Amino acid sequence: MDIPTVVFYVGPFGITSIVVTTWGIMITLAICCWLGTRRLALVPGKLQTMLEGLVLAIEDNINAVIPDHTQQVLPFIATLWLYIVIANLTGLIPQLHSPTGSFSVTAGLALLVFLSVHWFGIRSGGVRNYLRHYLSPTPLLLPFHLISEVTRTIALAVRLFGNIMSLELVALLVLLVAGLLVPVPLLMLHVIEALVQAYIFGMLALIYVAGAMQSQQESKKGNDI
Amino acid sequence: MNFDWTTFVLEIVNFLILVWILKRFLYQPVLGVIARRRADIDKSLSDALQIRNEANELKARNEQYLIEWEAKKETAQAQLNAELASIRESKLAELETRINEEAERRRVLTERNRHEFERLMEEKGIAQGAAFTNKLLMRLASTELESRLFIVLMEDLQGLREQDKHVIAIAAEEPGLQIKIQSTFPLDTSKRGELTRSLHQMTGKTLPIVFNTNPELISGFQIDIGAWILHANLRDELKSFGGVLRHAG
């Protein structure tokens, strides 16, 4: 379960089934989005209404947390939500595994969140202001800030990986022990868990980014005063 | 918990590419159309608001116009009433004048008709009187009356004014003139001689005298000396009397 199969090699690099699944998700999303948005009209149809509802729901959630920078962080956070949901649900398709059941994937996503927090924080208030927030309210808290940055990133990766991996593992074990149709309720739980985990991952990433950006604003206000 | 660096790196790259794809093909188009729709809705709301404001303004203007129109109407109506009253008064005055004129004309016409009627009645009365007198005189006509009239004739000839005598003398100058004497009854010789002498004396000439009888004279004489005629008979007297009465009427 935790050992991805190498599908093919590109030079010394082995392309695993996880990466291929991710490409499939990317291609599917790209085609669906292209088909869904090529004929947008001011009076929307059913598909357009659904797409608009999805995007507006994401925008509203981001706007509730970070109203001043919604459009700035929306592509990153929304992609996290959409990708993780689809990646989580991919495990329901026979012969496929959720990419998020791989620690390599969740670690990569967590690293991206870690980097995006600093990226948006620095873009929001500049390097000096951003670094200064590590020293507030007192420089004595700097080690704790640094530890927090690392641990929360690791927690992001491990939480998503652990939940999805355990779901698939439990379903597999139940299937082996109980029979063919017994894991079906467990698959329903998989759907809920996939949605919840995607929401948690994206919301935590959003809160981290918002914390970094709003801490800059608070630092600016403190300097102005 | 196996960790594969290739998968880790490729996953980061894949995710960044996916961010670009979704931004390009999902977020931007959908948010763009939503923004356009919101802009359209805002524009529609703005237009509606503007239309409502314009409608309110038009309504207020229309109400003001109605008020002004009402005032103008009342003013025009008052002016019209005043003009109508003035015209009615002038027409009434004109009508009254015409009625008075017509009444005066009718009064004059009635008066004239009355005078005409009176004149006709008088003429009728005069004619009846003349006819009656004529009839009476014709019944009274006789030689005795003629003799009395002869006496009156002789008195009149002797009593002529000098001016009348002069006119008779001029009339007698006409060459070849005959004096014509008409009488109702034939004159006897003495009366003819007396009358001849008197006329010769009056004209100063011995003009020839012709005696005739004319019963239409009723009674009396008519003497023609050229253009000068002396009427001394009842017929001409009655005519003269009737004419005098008509002129007097």
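Keep in mind that what you see is a predicted model, and the values were worked out from it rather than measured. (Residues numbered from 1 in each chain as written. Chains lettered and ligands numbered in written order. Predicted model: local features only at pLDDT ≥ 70, side-chain atom pairs only at ≥ 80, totals over all residues. Heavy atoms only, no water.)

Trainee: I keep staring at helix α1 (residues 5-140) of chain B and nothing clicks. Help me out?
Mentor: Residues that lie three or four places apart on an α-helix share one face, since the helix turns once every 3.6 residues. Taking 1.5 Å per residue, 136 residues should reach 202 Å; α1 of chain B reaches 187 Å between its end C-alpha atoms and fits that length. A maximum bend of about 45° is found in α1 of chain B at K23 of chain B. (Helix = DSSP H or I, 4+ residues; strand = E, 2+ residues; numbered from the N terminus. Expected span 1.5 Å × (residues − 1). Bend = angle between axes of the 7 residues up to and from the residue.)

Trainee: Explain the packing of aromatic side chains here, please?
Mentor: Two aromatic rings, taken as a pair, are described by how far apart their centres are and by the angle between their planes. All chains considered together, the criterion is met by twelve aromatic pairs over all chains. Between the aromatic rings of F76 of chain A and F15 of chain B, the centroid separation amounts to 5.8 Å while the plane-to-plane angle is 85°, which identifies the pairing as edge-to-face. Within this pair, whereas F76 of chain A is found in helix α3 (residues 70-90), its partner F15 of chain B is found in helix α1, the two belonging to separate chains. A relative accessible area of 2% places F15 of chain B in the buried class. These aromatic residues form a ring-pair network of at least three members: F103 and F161 of chain A together with F3, W5 and F8 of chain B. Over the aromatic face of Y208 of chain A sits the side chain of R152 of chain A, whose NZ or CZ is 4.2 Å from the ring centroid. (Phe/Tyr/Trp six-rings, centres within 6.5 Å; stacked < 30°, edge-to-face > 60°. Buried < 20%, exposed > 50% of the residue type's maximum accessible area, 1.4 Å probe, protein only. Lys NZ or Arg CZ within 6 Å of the ring centre and 35° of its normal.)

Trainee: What am I meant to see in the interface of chain A and chain B here?
Mentor: By convention, interface size is frequently given as the accessible area that disappears when the constituent parts associate. Each partner contributes residues to the interface: chain A has 45 residues there, and chain B has 31 residues. Together, the buried faces of chain A and chain B total about 3600 Å²; carbon and sulfur atoms form 76% of this surface. It is M26, L42 and S104 of chain A that lose the most area in chain A upon contact with chain B, and together they represent 17% of the buried surface on that side. Joining chain A to chain B, the criterion identifies one salt bridge. Linking E52 of chain A and R37 of chain B is a salt bridge whose minimum nitrogen-to-oxygen distance equals 2.8 Å. Here chain A is connected to chain B by nine residue pairs in polar contact (both at pLDDT 80 or more). Secondary-structure elements contributing two or more residues to the side of chain A that touches chain B are β2 (13-16), α1 (17-37), α2 (46-65), α3 and α4 (103-125) of chain A. Broken down by element, the residue count for the side of chain A that touches chain B peaks at ten residues, all from α1 of chain A. (Contact = heavy atoms within 4.5 Å. Buried area = accessible area lost by both parts, 1.4 Å probe. Salt bridge = Lys/Arg side-chain N within 4 Å of Asp/Glu carboxyl O. Polar contact = N/O pair within 3.5 Å; in protein donor to acceptor, adjacent residues only side chain to side chain.)

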